[in-house]
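# Observations on the model geometry
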Amino acid sequence: MIRWHLCAAALALTASLPAAAQEQPLLFAPATAPQLEGEIILPTPQATNTPPESWLRQTGDLQVRNVQQATLLPFLPPRNLATGEAVLVAPGGGFLGLAIQDEGYDVARALAARGIAAFVLKYRVLSTPADFGKFMREMVAGRSGKPTTLHVPEDTPDFSLEDARAALAYVRAHGDDWGIDKMRVGMMGFSAGAFLTLTAALKLPANERPAFIAPIYPRMTARDVPADAPAMFVAIADDDFLMAPGTLGLIESWHKAHRPVEFHLFQTGHHGFGLGVPGTTTAGWLDDFVRWLDLNRVKR
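The sections below set out a description of the structure shown in this document.

Before going further, it helps to spend a moment on the side chain of Arg223. Secondary-structure assignment places Arg223 in the loop between β9 (212-216) and β10 (231-237). Comment: no salt bridge for buried Arg223; closest opposite-charge side chain is Asp155, at 4.4 Å. If near-sequence neighbours (up to four positions away) are discounted, Arg223 is found in contact with Asp155, Leu198, Leu202, Leu250 and Ser253.

Let's shift gears to the sheet that holds strand β5 (residues 71-75). Spatial strand order, β2-β5-β7-β6-β8-β9-β10-β11: eight strands in an open sheet with mixed pairing. Where the open sheet ends on each side, the last strands, each with one partner, are β2 (40-41) and β11 (261-266). In the sheet, strand β8 (residues 185-190) pairs with β9 via four bridges, with the strands oriented parallel. Bridge assignment links Met188 to a residue of β9, and that residue is Ala214. Each of β6 (86-90), β7 (117-122), β8, β9 and β10 touches helix α6 (residues 192-203); the most contacted strand, β8, lies at about 145 degrees to it.

Here the focus is helix α7 (residues 249-256). Within the sequence span of α7, burial applies to Gly249, Leu250, Ile251, Ser253 and Trp254. Of the surrounding secondary structure, the elements contacted by the buried residues of α7 are α6, β9, β10 and β11. His258 occupies a position one or two residues after α7 and carries a positive phi of about 60 degrees.

Backbone-to-backbone hydrogen bonds pair the strands of a sheet. The strands run either parallel or antiparallel. Strand order in the open sheet made by the three strands is β1-β3-β4, with antiparallel pairing throughout. Both edges of this open sheet fall to β1 (28-31) and β4 (61-65), since each of them pairs with a single strand only. Taking each pair of neighbouring strands and ignoring which way they run, the sheet shows an average axis angle of 35 degrees. As defined by bridge partners, strand β3 (residues 54-58) adjoins β4 across five bridges and the pair is classed as antiparallel. Paired with Trp55 across the two strands is Val64, which belongs to β4. Along the sheet, helix α3 (residues 132-143) contacts β1, β3 and β4; its crossing angle with β1, the most-contacted strand, is approximately 150 degrees.

Our next topic: the packing of aromatic side chains. On inspection of all chains with the given rule, the structure shows 15 aromatic pairs. For the ring pair Phe132 and Phe135, a centre distance of 5.9 Å and an interplane angle of 50 degrees mean the geometry is tilted. Of this pair, Phe132 and Phe135 both sit in helix α3, three residues apart, roughly one helical turn. Sitting over the face of the ring of Phe135, Arg65 holds its NZ or CZ atom 4.0 Å from the ring centroid.

Analysis parameters
Residues numbered from 1 in each chain as written. Predicted model: local features only at pLDDT ≥ 70, side-chain atom pairs only at ≥ 80, totals over all residues. Heavy atoms only, no water. Helix = DSSP H or I, 4+ residues; strand = E, 2+ residues; numbered from the N terminus. Buried < 20%, exposed > 50% of the residue type's maximum accessible area, 1.4 Å probe, protein only. Lys, Arg positive; Asp, Glu negative; His and termini not counted. Salt bridge = Lys/Arg side-chain N within 4 Å of Asp/Glu carboxyl O. Contact = heavy atoms within 4.5 Å. Pairing = 2+ DSSP bridges. Axes fitted to C-alpha atoms, helices over the stretch in contact; angles between N-to-C directions. Phe/Tyr/Trp six-rings, centres within 6.5 Å; stacked < 30°, edge-to-face > 60°. Lys NZ or Arg CZ within 6 Å of the ring centre and 35° of its normal.

Below, the structure is given as C-alpha cells:
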C-alpha cells in the first residue's frame, strides 16, 4: 500500500515500492471524521494558525491531517486476557498527517486481542493546505520530486513530543481504572511515529519515559543512548528505503549502552507494512513483539 512516510534525506510521500507500484495514482479521497466513543482529549495546547482538522481515506483506510487537538483512544483487552501492560500507539505519516487506521486503530485492536491495553495517540502534526485539491497537488508534486510546500521535518516537532509526554502521563495516572501497571506502560510507533517513540525514550526525563519501546520501520541511524534507556524491539524490512547500507547504527547504539534490544530484519515488506504484508514474514511481527514483551516483562 502507498502511504505517507518520513524520508531521511528528502520529502517522499510514498513507500519504497517496486517501480510499477510507484507509478500508481495516489488514491486519496475526503472522508467524514469518525464518531469515536471514549476518545480522551489530552491536556496539551490546541494547534493555532492551523487549517481545520481534515479526514481522508487512502485506499479505504482512514487518515487525518491538520490535527487540532491531541487525543487518546483506548482499546482495552478482555479482563481474562489482560496482562497489565499498556502500549501507546503512534501512527506514522511524516508529521504531515497520521495513518491512523492501519498504523493506529488496527494495531491497537490486535494488541488488545492479545491482552495488552492499547491507546492510539492522535498527535499534532505540521500544517498542510486546507483545500483538498491543493493538498493533493502538493502530494503529487512531492512524490515526483517537484517543488512542494510539504516539507518533512528533520526530527520530531516539539509539539508532537509534548503530546506523547502528556499521553504517557495520562495512561499512568489512570492506570488503576483500566487494570494497568503504571510501571509497564510502553510505546510503539510507525515511521514518523517511530521517530516520536525514540524521541520520547531518549529526551524525556527518566521518570517519564516509556517503560519499553517498539519503533517499527524507524530511521536506523545511530543515537546517543543513556545507560538507563528503555528496552527496545525493532522491526523493519530489508527493502525499506530506511535500510540503506550501513544503517544499523540504531541497533549498535543500544548495544553500546548495554541496553536490551531485539531486532527483526525481514527479507521483504517495504516501508509501511503496518500489521504485515500477506505472503511475507512481516505478517508475524506483532506476535514476535508480544513474545518479547512476555519474556522480558519489561519495567521502567
